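Letter by letter, the chains look like this.
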Amino acid sequence: SQVKQSGLLFTVILLIASCFVLNAQDTKSGSTFKSSDEEVALDVQRGTGDVKLSLQVKDITQYNHIIIERSAESPNYFGKCKYISCSSVKVKDGKIMESDNYPYSATKDVYYRIKTVTNDGVERAYPAVLLAAVSQ
């Protein structure tokens, strides 16, 4: 009958919707960038009250320092977030772990990017990673 069919349809839709919700709750709020030459990679995740910044650098010895920059709302106006001196940085499992201890509000989209400065002074800014706002 039509009542049974619409009840079954409703149950199927409910099941599908709950799968989406569970999936959404499972995904961490974060984003990753890997340069095409695989020189650098940046992974950004929200922590508790901070933002975890995980960098991968292929050859740390060629850089004098690395700057992590951030920009709220649009990827146009970057300000310095972290300065990493390559001579004294601790690399663990090929990664440099840093934190943005004073992040922008989680209700704003925030862009993070890597800027490298080689030992001979060449600066290079890589494309930004979006750390999407947490919905209310």
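Thresholds, definitions, all that
- Residues numbered from 1 in each chain as written.
- Predicted model: local features only at pLDDT ≥ 70, side-chain atom pairs only at ≥ 80, totals over all residues.
- Heavy atoms only, no water.
- Core = buried A, V, L, I, M, F, W, Y, C linked by side-chain atoms within 4.5 Å.
- Buried < 20%, exposed > 50% of the residue type's maximum accessible area, 1.4 Å probe, protein only.
- Helix = DSSP H or I, 4+ residues; strand = E, 2+ residues; numbered from the N terminus.
- Salt bridge = Lys/Arg side-chain N within 4 Å of Asp/Glu carboxyl O.
- Contact = heavy atoms within 4.5 Å.
- pLDDT = per-residue confidence, 0-100.

### Re the nonpolar core
And then number 1: Counting residues in each nonpolar core, the largest one holds 23 residues, and the members touching the most others are Leu42, Val44, Leu55, Ile66, Ile68, Tyr112 and Ile114.
And then number 2: With 4 residues, strand β3 (residues 51-57) is the largest single contributor of residues to this core.

### Thoughts on the pattern of salt bridges
A pair can form between side chains of opposite charge whenever their charged atoms are brought close.
And then number 1: This model, assessed by the stated rule, comprises 7 salt bridges.
And then number 2: Measuring nitrogen to oxygen at the nearest pair gives 2.7 Å for the salt bridge that ties Glu69 to Arg113. Of the two residues, Glu69 is situated in strand β4 (residues 63-72) and Arg113 in strand β7 (residues 110-118); the sequence distance between them amounts to 44 residues.
And then number 3: Under the relative-accessibility criterion, Glu69 is labelled buried at 8%.
And then number 4: Its salt-bridge partner being Asp100, residue Arg70 comes within 2.7 Å of it at the nearest N-O pair. Of this pair, Arg70 sits in strand β4 while Asp100 is found in strand β6 (residues 95-100), placing the two residues 30 residues apart along the sequence.
And then number 5: For Asp100, a relative accessible area of 4% gives the class buried.

### Focus on the side chain of Asp50
And then number 1: The topology assignment puts Asp50 in the loop between β2 (40-46) and β3.
And then number 2: Not counting chain neighbours up to four residues away, the residues in contact with Asp50 comprise Ser99, Asp100, Asn101 and Pro103.

### Examining the confidence of the model for the protein chain
And then number 1: When the pLDDT values of the protein chain are averaged, the result is 83; 77% of them are 70 or greater.
And then number 2: Scored below 50 in pLDDT, residues 19-28 shows 1 contact in the model against residues more than four places distant or in partner chains.

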